[in-house]
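So the chains spell out like this:
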Amino acid sequence: QVQLVESGGGLVQPGGSLRLSCAASGSIFSIYAMGWYRQAPGKQRELVATYTNYADSVKGRFTISRDNAKNTVYLQMNSLKPEDTAVYYCKARNEYKSYWGQGTQVTVSS
């Protein structure tokens, strides 16, 4: 059993930055993969970043990182564009299933 809680979303202007956090609790030692996804209105959920792969649309702008002492994964988002507007979700994977956080809204607008 893994619980994930995202935070850090909000409203920013184009060109601005945000850092999203995903705090994991529960059976954290069972996790072998984590990543960030997003879902915009009217679109399917898409992968944004894993530790080894980024969506082409965010390469060079977004960076995934972690703090093992805090059991937390981060997504640093720079040079934000209106098309980045979406609900961002953290995902953790173990042997049995994938776990999702509740999501955090990111809105990029002037």
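First things first, this report covers the structure right here in the doc. Just so we're clear, the structure is a prediction, and the values are computed from it rather than from any experiment. (Residues numbered from 1 in each chain as written. Predicted model: local features only at pLDDT ≥ 70, side-chain atom pairs only at ≥ 80, totals over all residues. Heavy atoms only, no water.)

**As for the pattern of salt bridges**
Throughout the structure, instances matching the rule amount to 4 salt bridges. Measuring nitrogen to oxygen at the nearest pair gives 2.8 Å for the salt bridge that ties Asp-84 to Arg-61. Linking Asp-84 in the loop between β7 (72–77) and β8 (86–93) with Arg-61 in the loop between β5 (46–50) and β6 (62–67), this pair joins segments that are 23 residues apart in sequence. The exposure classification of Asp-84 matches that of Arg-61, with both residues buried. Several salt bridges share partner residues, and in doing so they unite Arg-38, Glu-46, Arg-61 and Asp-84 into one network. (Salt bridge = Lys/Arg side-chain N within 4 Å of Asp/Glu carboxyl O. Helix = DSSP H or I, 4+ residues; strand = E, 2+ residues; numbered from the N terminus. Buried < 20%, exposed > 50% of the residue type's maximum accessible area, 1.4 Å probe, protein only.)

**Observations concerning the pairing of β6**
As paired elements, β6 and β7 share 6 bridges and run antiparallel to each other. If you follow Ser-65 over to β7, its bridge partner there is Tyr-74. Joining the antiparallel neighbours β6 and β7 is a turn of 4 residues, in which Asn-71 adopts a positive phi near 50°. (Pairing = 2+ DSSP bridges.)

**A short note on the sheet that holds β6**
Here 4 strands make up an open sheet; going across it, the order is β1-β3-β7-β6 and the pairing antiparallel. For this open sheet the edge positions go to β1 (2–7) and β6, each flanked by a neighbour on one side alone. With strand direction ignored, the average angle separating the axes of adjacent strands in the sheet is 20°. The sheet contact formed by strand β3 (residues 18–26) and β7 spans 6 bridges and is antiparallel. Considered in β7, the bridge of Leu-18 is made with Met-77. (Axes fitted to C-alpha atoms, helices over the stretch in contact; angles between N-to-C directions.)

**So, the state of the cysteines**
Tallied over the entire structure, the rule returns 1 disulfide. At a sulfur-sulfur separation of 2.1 Å, the disulfide partner of Cys-22 is Cys-90. The disulfide joining Cys-22 to Cys-90 has a torsion of about -80° about its S-S bond and is therefore left-handed. Linking Cys-22 in strand β3 with Cys-90 in strand β8, this pair joins segments that are 68 residues apart in sequence. Across the pair, exposure class does not vary: Cys-22 and Cys-90 are buried alike. (Disulfide = S-S within 2.5 Å.)

**Some words on the environment of Ser-110**
Its place among the elements puts Ser-110 in the segment after β10 (104–108). A sequence separation of 54 residues divides Ser-110 from Asp-56, and the C-alpha atoms of the two residues are 24 Å apart.

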